[in-house]
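# Tertiary structure, described
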Amino acid sequence: MKRQWSHPSIALPLLVALFLLLTFRCSLRHAVQLLAAAPAPAGDVGSHAVDAELAELAAVDPAAAAVLRDAERLLETNLTMRAPPQLRDAAVRGLRGWLARQQRFDPGVMSELVDLIKRPIDLHAGGGGEGDARPYASCAVVGNSGVLLAREHGALIDAHDLVIRLNNAPAGGAEGGSRLARHVGARTGLAFLNSNVLSRCASRSAGCRRCRAYGDGVPILTYMCNAAHFVEHAACSAAGAEAAAAAAPVVVTDPRLDAVCARVVKYYSLRRFVRETGKPAAEWGGAHEEGMFHYSSGMQAVVAAAGVCARVSVFGFGKEPGARHHYHTLQRGELDLHDYEAEYEFYRDLEERPEAIPFLRDSGFRLPPVVVYR
């Protein structure tokens, strides 16, 4: 007769061993899952998965397509209905050159930004020559959020090689002499304006005088929200008027940079929408005015700085209870055409794991260190 393994002294240890084995297997599986979900080491691009559906949807930009259609119609009429005679030729040249640069999506433009942005500025400042092919050693991008007034970063901001300000927000007094200078700094090396701001400040009667809030020697970088704004660009450039000949250049961003910024922001907005609502990404357009959706001026200024600076510091981005939307206005509400929370997520990745950023990581360009002062 065979011996049965049913004696209590044998069965109990077997049950305990089986329980321990199952527990170990569950723990091991959980550990593997945690390891897969953990952030990958810097430089390990392959471990940061990009959602293919979100990337495909991010490539659709109705707002940019509408601007392009309007630009083509304007070129056909030579801006005759809008541009005064003395600015017409310069405006048409600017618009035609901008349309000629409308190329396929190319994140490799990041590697060209020193030539496209810094070199024209250097040529003006140096009075000729070929300009400096090296990036700025350090750049401060100063946002307009009311949170700036709760900090005293002024001296730190002014210590950077280049200080970039947005949409003519006021700087502090010379050499930090005013109360505002303690918070926002006093120096300005580059004014970043969207073309809506440029259009408003460059009225036909005043020319570009009101657009140069930091003086004639400070160059302006602008992106085109509306192709008709090449009239104001002409008024502010040396090509448009003799009075502007001695002033610093007004540089228009390359359309490829605009496209990169648009895709990055829309991707982060789509991802946030899916995560927070649980709805399909295809329904994102119903929650945002898709035809008007756009990145903020601050976002593009940060990306541009990443292309022309060896080190980037970001100030005045974000919000806090009680803080105004802009430190220099009474505005408290945010614009619906921007998804600021999505942009804040982008800044965190830019600071902590740049290798995870869709589109930029495919550019072949090594992003510089970025520090966001909150």
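Right above here is the structure, for reference.
Just so you know, these numbers come straight off a predicted model, no measurement behind them.

Turning our attention to the packing of aromatic side chains. Taken as a whole and judged by the stated rule, the model has twelve aromatic pairs. Here the aromatic rings of F192 and Y223 are separated by 6.0 Å at their centres, their planes lie at 40°, and the arrangement is tilted. With F192 in strand β3 (residues 190-194) and Y223 in strand β4 (residues 220-223), this residue pair connects regions lying 31 residues apart in the sequence. For F192, a relative accessible area of 1% puts it in the buried group. The exposure class assigned to Y223 is buried, which follows from its relative accessible area of 3%. Here the aromatic rings of Y223 and Y295 are separated by 5.3 Å at their centres, their planes lie at 50°, and the arrangement is tilted. Residue Y223 is located in strand β4, and its partner Y295 is located in the loop between α11 (284-287) and α12 (297-308); the two are separated by 72 residues in the primary sequence. Neither residue differs from the other here; Y223 and Y295 are each classed as buried.

Now for the nonpolar core. If you look at the biggest cluster of nonpolar residues, it comprises 57 residues, and the most contacted ones within it are V264, M299 and F346. In this view, M299 contacts C261, V264, V265, F317, E343, F346 and Y347; residues no more than four positions away in its chain are not counted. Core analysis: the next-biggest nonpolar cluster, separate from the first, contains 19 residues, L79, A90, W98 and F230 among them.

Turning our attention to the pairing of strand β2 (residues 162-166). Taking burial as the measure, the five residues of β2 include five buried ones, the bulk of the element. Residue alternation in β2 divides its side chains into two sets, L162, I164 and L166 and V163 and R165, and both sets are buried. As judged from the four bridges shared by strand β1 (residues 139-142) and β2, these two strands associate in the parallel manner. Bridge pairing in β2 links V141 to I164. In this structure, β2 lies alongside β3, joined through three bridges in parallel fashion. When the bridges of β3 are listed, L166 appears paired with F192.

Attention now goes to the side chain of S296. Residue position: S296 is located in the loop between α11 and α12. Apart from the residues lying within four places of it in its own chain, the contact partners of S296 are Y223, H338, Y340, E343 and Y347.

Right, let's get into the packing of helix α5 (residues 113-126) against α12. Two elements in contact, α5 and α12, have axes separated by 8 Å at closest approach and are oriented at 95°. As far as their axial angle goes, α12 and α5 are roughly perpendicular. Within the contact between the two elements, α5 uses L113, V114 and I117 and α12 uses V303, A304, G307 and V308. When its residues are assigned to classes, the contact of α5 with α12 shows six nonpolar, one polar and no charged.

Burial of the side chains of strand β6 (residues 312-315) extends over both faces: V312 and V314 are buried on one face and S313 and F315 on the other. Of the strand pairs in this sheet, β1 and β6 are connected by four bridges, and their pairing is parallel. Paired with C139 across the two strands is V312, which belongs to β6. Pairing analysis gives three bridges linking β6 to strand β7 (residues 370-372), with the strands arranged parallel. Bridging across to β7, S313 finds its partner in V371.

When the charged atoms of two side chains lie near each other, side chains of opposite charge can form a pair. Counting across every chain of the model gives 19 salt bridges. For E276, the salt bridge goes to R272, with nearest N and O atoms at 3.1 Å. Residue E276 and its partner R272 are located together in helix α10 (residues 255-277), separated by four residues, close to a single helical turn. Residue classification places R272 among the buried residues on the basis of a relative accessible area of 17%. Salt bridges linked by common partners bring R271, R272, R275, E276, D339 and E345 together as one network.

Evaluation of the coordinates by the stated rule reveals three disulfides. Two residues share a disulfide in this structure: C139 and C309, whose sulfurs sit 1.9 Å from each other. Negative torsions about the S-S bond denote left-handed disulfides, and the value of about -85° found for C139 with C309 makes this one left-handed. Remark: C309 occurs in the loop between α12 and β6 and C139 occurs in strand β1; sequence separation between them is 170 residues. The two residues C139 and C309 agree in class, both being buried.

With that settled, consider the environment of L75. Turning to its location among the elements, L75 is positioned in helix α3 (residues 62-76). By relative accessible area, L75 is classed as partly exposed at 22%. Sequence separation between L75 and R96 is 21 residues; the distance between their C-alpha atoms is 7.1 Å. Beyond its immediate sequence surroundings of up to four residues, L75 is in contact with V92, L95, R96 and L99.

Our next topic: the sheet that holds β7. Across the sheet, which stays open at both edges, the seven strands sit in the order β5-β4-β3-β2-β1-β6-β7 with parallel pairing between neighbours. Edge positions in the open sheet fall to β5 (250-252) and β7, since each of these has one partner strand only. Adjacent strand axes in the sheet meet at a mean angle of 20° when their direction is disregarded.

The rules behind these values
Residues numbered from 1 in each chain as written. Predicted model: local features only at pLDDT ≥ 70, side-chain atom pairs only at ≥ 80, totals over all residues. Heavy atoms only, no water. Phe/Tyr/Trp six-rings, centres within 6.5 Å; stacked < 30°, edge-to-face > 60°. Helix = DSSP H or I, 4+ residues; strand = E, 2+ residues; numbered from the N terminus. Buried < 20%, exposed > 50% of the residue type's maximum accessible area, 1.4 Å probe, protein only. Core = buried A, V, L, I, M, F, W, Y, C linked by side-chain atoms within 4.5 Å. Contact = heavy atoms within 4.5 Å. Pairing = 2+ DSSP bridges. Axes fitted to C-alpha atoms, helices over the stretch in contact; angles between N-to-C directions. Parallel < 35°, antiparallel > 145°, perpendicular 65-115°, else oblique. Nonpolar A, V, L, I, M, F, W, Y, C, P; charged D, E, K, R; others polar. Salt bridge = Lys/Arg side-chain N within 4 Å of Asp/Glu carboxyl O. Disulfide = S-S within 2.5 Å.

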